[in-house]
Amino acid sequence: MVELEQVALRKDYKLKCVFTEHCLNCQGKLWLLRINGTIKQQCMHTDCRCSFNIYRKCTHCDYVYPFEETDCKICEPEIRLLAQAEVTKEENEKGLKKLYKRYKNGDVGELEYRAAKSLHENEIISCQEQATTIRERRK
Ligand SMILES: [Zn+2]
Ligand SMILES: [Zn+2]
């Protein structure tokens, strides 16, 4: 599992609140109302008092969510995949350096070195490809 911090670093979207401008019933002004653990907009007119849900819209894909939602269900999984790919790539690059040191010191034999090296290299290539594809798509 990739760390939340690594996911947050790559987060390229926000869920922005979408407010209603005027009361849809009487055109009255709206204020905020805290109700049942959420927040709504309510008409200030005493004889109207209509209330309206506040929504959230993803700044990247425009998907709309209820006010309580904190993550975009479309973008968040993709950002997680991106973080996973880039973190795994870094880990393999470090692994490759360590392996080379051990090989130079004579701690690892030639065959073992080559096998481990190609595993790391393949992993680096596939993670890089995955990360590039996601970054291209999210431009
Ligand atoms: Zn009203
Ligand atoms: Zn989104």
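> Summarise helix α2 (residues 75-104); cite the residues concerned and give the values.
With 30 residues, α2 should cover 44 Å at 1.5 Å per step; its first-to-last C-alpha distance of 44 Å lies within 8% of that length. Check the buried side of α2 and you find it contacts α1 (4-9), β5 (55-58) and α3 (110-137). Count one or two residues on from α2 and you reach Gly106, which has phi positive near 80°.

> Describe in detail the sheet that holds β5, supporting the description with residues and values.
Within the open sheet, the three strands sit side by side as β1-β5-β6. Their pairing is antiparallel. Whereas interior strands pair on both sides, the edge strands pair on one side only; in this sheet they are β1 (15-18) and β6 (64-66). Adjacent strand axes in the sheet meet at a mean angle of 40°, parallel and antiparallel pairs treated alike. Looking at chain direction, β5 and β6 are connected through three bridges and run antiparallel. Bridged to Tyr55 within β6 is Pro66.

> Explain the environment of Cys23 residue by residue, including any values.
Mapped onto the fold, Cys23 is located in the loop between β1 and β2 (30-35). The class for Cys23 is buried, based on 20 C-beta atoms found within 10 Å. When the C-alpha positions of Cys23 and Ser126 are compared, they lie 53 Å apart, and in sequence the two are 103 residues distant. Not counting the four nearest positions on each side in its chain, Cys23 is found in contact with Gly28, Leu30, Cys43, His45, Cys48 and Cys50.

> Break down the nonpolar core for me, with residues and values.
In terms of nonpolar packing, the biggest core is built from ten residues, these being Leu15, Cys58, Cys72, Cys75, Ile79, Leu82, Ala83, Ala85, Cys127 and Ala131. Of all the elements in the fold, those that place two or more residues in this core are α2 and α3. Once residues lying within four places of it in the same chain are set aside, the contact partners of Cys72 are Tyr13, Leu15, Cys58, Cys61 and Tyr63.

> Tell me about the sheet that holds strand β3 (residues 38-43), residues and numbers included.
As summarised here, the arrangement of the three strands in space is β2-β3-β4, forming an open sheet in which the pairing is antiparallel. Pairing within the sheet leaves two strands with one partner each, and these edge strands are β2 and β4 (51-53). Averaged over all pairs of adjacent strands, the angle between strand axes in this sheet comes to 40°, irrespective of strand direction. Both β3 and β4 contribute to a ladder of three bridges, which runs antiparallel. Among the inter-strand pairings, Lys40 is bridged to a residue of β4, identified as Asn53.

The rules behind each value
- Residues numbered from 1 in each chain as written.
- Chains lettered and ligands numbered in written order.
- Predicted model: local features only at pLDDT ≥ 70, side-chain atom pairs only at ≥ 80, totals over all residues.
- Helix = DSSP H or I, 4+ residues; strand = E, 2+ residues; numbered from the N terminus.
- Expected span 1.5 Å × (residues − 1).
- Contact = placed C-beta atoms within 7 Å.
- Pairing = 2+ DSSP bridges.
- Axes fitted to C-alpha atoms, helices over the stretch in contact; angles between N-to-C directions.
- Buried ≥ 20, exposed ≤ 12 C-beta atoms within 10 Å, placed from the backbone.
- Core = buried A, V, L, I, M, F, W, Y, C linked by C-beta atoms within 7 Å.

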